[in-house]
Amino acid sequence: MGEGLLFGEGDFPTRARHALADGQLRANLGAATTTIRERRAAAVGEVADWEELRSAGARIKDGSLAALDEMLVDFEEKFSASGGVVHWARDAQEANAIIVDLLNRSGAAEVVKVKSMTTQEIGLNEALAEAGIVAWETDLAELIVQLSADRPSHFLVPAIHRNRDEIRHIFQDHIPGIGTGLGNDPAELTAAARSYLRDKFLAAEVAISGANFAVAETGTLGVVESEGNGRMCLTLPRMLISVVGVEKVVPRWEDVGTLFQLLPRSSTAERMNPYTSTWSGVTPSDGPSEVHVVLLDNGRTNALADPVGKEALRCIRCSACLNVCPVYERVGGHAYGSVYPGPIGAVITPYLAGVETVASLPFASTLCGACYEVCPVKIDIPSLLVDLRAKHVAEANRKPLRSSEKVVMSALAWVMADAKRWQLVNRLGPLLGKLTRYRWARLAPLIGRWTENREPPVPPAHTLRNWRNNHQGLGEGMRHE
Amino acid sequence: MAKRVALFATCLVDSLFPEAGIATAKLLSRLGYAVEFPSPQVCCGQMHINTGYLAEAAAIVRNHVESFEAYDAIVAPSGSCVASVRHQHALVARHISDERLARRAEAVASRTWELSEFIVDVVGTTEVGAYFPHRVTYHPSCHSLRLLKVADRPMRLLEQVEGIRLVELASAETCCGFGGTFSVKNPEVSSAMLADKMAAVMASGAEFCTAGDSSCLMHIGGGLSRLKTRVKTLHLAQILASTKEES
């Protein structure tokens, strides 16, 4: 099972309630997601064969996942042959131990980091801090998150929950030498971060990254980014360690071409991202002289073994589904309690960590389907959510005590499987309708929470089938009555 | 002889919004169909399926299949329930390893239509002789939009209604926040989504907010009446069934 920062305290409804109370957060998220949504739609609209590209992306990922065992071995062989070192980690703890050990042996007390979801997933910064090693996040938004001792709330824009005034305050409070004169202009804020980070890049002996893809046939790792901080980290230090989920490997170099047509437009709404760095092991006198990759499982093979859940491993972490999700837009990433928030987080997290560990996540969706519509690799997120809900209910059924929900749902199913029972219950409708008009009736668990902001429907004096029985022109059923 | 069509009323319309079902029946009769109401029908099972109770839903799915398999055309005033029939029923049958039921469910699904699909694609018209002299805004419910891909069919039907004034709904394609049991399990998030939908409806200046699903309308309408607004919700079928003679 996956571990690390995949789950936190409490459940989604509780965390979401707290998030909703934060008006600033909702304003920041609403503004940011609306902008990204519109830009993405425009960037995708330029591609005539977008649907075919999505299908091609899904096929590539499915093919890779079906042959993952062979491809990982191919990758290891090629990467090692060109001087790279491949490590295998079953879970977060093993991955962190491998990295701490490498750093201890190198004698480095500081590392620079390229923005990476996988290192967030395993809680690497926390593990390094415990080992007395300082990790500097060099992506602008990750830096904002790190300086304010916060957590990322989005794959791509980890500080999406902050606005520029908040960022100005964070910089003033945490970057040495920044005076009160700092403005809130994005260019000015970026310049402040740049000059702060420049020394870190130049001093660092070791860099840590993730990877957007790994190519089996060439033993290549690659990172796409927008700021150039990644390029600095990947080329300047003496040693490079990359933490890569096993699902990132694709068979051929040409497959990257397809994924690259999908990723930037879905992610940053760009035709192509500004910086793409690739490396295949070590290149003498060019870049790091010591290159490691930690291939991480952390629950991925559990997901792969699940006939439905394996589809979630297609994810290329573009975050398009977060930006269109009406739930995410209102509660933000922290409400999910996982480093993977939003619709895809609500499926990836339980498939990695086990559904009972994060049982409220699959229910954090109205199943509106906006996520599936934009997913560049066609992950049917709503269907996966329903699959996870069914898994949770199946688990709950194994417990000796039945939940009140289970009792209600079983009774309803019994009633709804037969028209005569249904009619009998419907005769109670008008009575129940009258009851909901009384305040005390609203204390009932289901009715009460619903009627807080919504008038309950008043059951009509006659159901449709009563009406039918009393009117000509709407025929009887053929085989019944 | 008039062609026969089965009305799949849906449990919500049958028990709480019969007017939407009556309107559907009247409309289809007006279009020349003999409308029948198969009495054994109750529910598509979507609430159970989407809450994870697949095994419990199987009996509901079986009842649905048995109720409708004798009909060549089945029409429902709900995008969501038709989507469940098309995308989930066979899945539920296979969940309980009943391949035969799965095949029967697939056969029923292939003959099941959402109202606007049926009128535009099967009847082959967008002019249904309706008269509705009011300002109306249309909320495209998520499942009709994204699972059935009804696209602009409901709007094309509404545009032909005599006397109607269609007004634009901002962020129309954003979910209203109902989501079945989502609104009970995450009531605060659901309310926040509803608040934004209601604000858009009120800003549109419409007298009526319409949609192809009574569930979404129950949610939006419940919120609007709690706010004591004058905006009413009305099922698409009820607008399309309205005539000059009746008004």
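Residues numbered from 1 in each chain as written. Chains lettered and ligands numbered in written order. Predicted model: local features only at pLDDT ≥ 70, side-chain atom pairs only at ≥ 80, totals over all residues. Heavy atoms only, no water.

Draft legend 1. Local environment of the sheet that holds strand β6 (residues 220–225) of chain A. Residue and element names in this part refer to chain A. Sheet architecture is open: four strands sit in the order β8-β5-β6-β9, paired in mixed fashion. Bordering the open sheet on either side are β8 (249–250) and β9 (275–279), each of which pairs with just one other strand. Summarising the sheet, β6 and β9 pair through five bridges and their orientation is antiparallel. Opposite valine 223, over in β9, you have serine 277 as the bridge partner. (Pairing = 2+ DSSP bridges. Helix = DSSP H or I, 4+ residues; strand = E, 2+ residues; numbered from the N terminus.)

Draft legend 2. Seen up close, the domain arrangement of chain A. Here chain A is described as being made up of domain 1 (12–301) and domain 2 (411–470). With centres defined by C-alpha atoms, the gap from domain 1 of chain A to domain 2 of chain A works out at 52 Å. (Domains from an automatic or database assignment.)

Draft legend 3. Looking closely at helix α5 (residues 79–87) of chain B. Residue and element names in this part refer to chain B. Of all nine residues making up α5, seven are buried, and the element is well covered by its neighbours. Within α5 the residues assigned to the buried category are Gly79, Ser80, Cys81, Val82, Ala83, Ser84 and Val85. Of the residues flanking the start of α5, the one acting as N-cap is serine 78, its side-chain oxygen 3.3 Å from the backbone nitrogen of serine 80. (Buried < 20%, exposed > 50% of the residue type's maximum accessible area, 1.4 Å probe, protein only. Polar contact = N/O pair within 3.5 Å; in protein donor to acceptor, adjacent residues only side chain to side chain.)

Draft legend 4. Here's a closer look at the packing of helix α4 (residues 54–68) of chain B against helix α7 (residues 99–110) of chain B. All names here are of chain B. Orientation of α4 relative to α7, taken along the N-to-C sense of each, is 55°, at an axis distance of 10 Å. Considering the angle they form, α4 stands oblique to α7. Of the two elements, α4 crosses α7, and the hand of that crossing is left-handed. Between α4 and α7, the contacting residues are Arg62, His64, Val65, Glu66 and Phe68 on the first element and Leu101, Arg104, Ala105 and Val108 on the second. (Axes fitted to C-alpha atoms, helices over the stretch in contact; angles between N-to-C directions. Parallel < 35°, antiparallel > 145°, perpendicular 65-115°, else oblique. Left-handed = near helix turned anticlockwise from the far one by under 90°. Contact = heavy atoms within 4.5 Å.)

Draft legend 5. Highlighting the interface of chain B and chain A. Facing the 66 residues of chain B at the interface are 64 residues of chain A. Both sides of the chain B and chain A interface together cover about 5,700 Å² of buried area, and 61% of this is carbon and sulfur. Three residues stand out in chain B for area buried against chain A, namely Phe37, Tyr53 and Arg226 of chain B, and they jointly supply 12% of the buried area on that side. At the surface where chain B touches chain A, the tally comes to seven salt bridges. Inspection of the region where chain B meets chain A yields 24 residue pairs in polar contact (both at pLDDT 80 or more). In terms of residue count, the dominant contributor to the side of chain B that touches chain A is helix α12 (residues 187–203) of chain B (nine residues). Considering only residue class, the side of chain B that touches chain A consists of 34 nonpolar, 22 polar and ten charged. (Buried area = accessible area lost by both parts, 1.4 Å probe. Salt bridge = Lys/Arg side-chain N within 4 Å of Asp/Glu carboxyl O. Nonpolar A, V, L, I, M, F, W, Y, C, P; charged D, E, K, R; others polar.)

Draft legend 6. Expanded view of the sheet that holds strand β7 (residues 239–245) of chain A. All names here are of chain A. The sheet built from six strands is open, its strands ordered β1-β10-β7-β4-β2-β3 with parallel pairing. Each edge of the sheet is formed by a strand with only one pairing partner; in this case those strands are β1 (85–89) and β3 (134–137). In this sheet, adjacent strand axes meet at a mean angle of 25° when their direction is disregarded. Along the sheet, helix α5 (residues 92–106) makes contact with β1, β2 (110–113), β4 (206–209), β7 and β10 (290–296), crossing β1 at roughly 145°.

Draft legend 7. Layout of unusual backbone geometry. The backbone of leucine 367 of chain A shows a phi angle near 60°, a positive value even though the residue is not glycine. Mapping leucine 367 of chain A onto the fold places it in the loop between α16 (342–353) and α17 (370–374). For serine 171 of chain B, which is not glycine, the phi torsion reads 45° and is therefore positive. Counting through the fold element by element, serine 171 of chain B comes out in the loop between β6 (165–166) and α11 (182–185). Judged by its relative accessible area of 56%, serine 171 of chain B is exposed.

Draft legend 8. Spatial organisation of the nonpolar core. In terms of nonpolar packing, the biggest core is built from 142 residues, with Phe12, Phe171, Val331 and Ile344 of chain A touching the most fellow members. Broken down by element, the residue count for this core peaks at seven residues, all from α16 of chain A. Of all hydrophobic cores here, the second largest spans 37 residues; its members include Leu28, Phe118, Leu158 and Leu234 of chain B. (Core = buried A, V, L, I, M, F, W, Y, C linked by side-chain atoms within 4.5 Å.)

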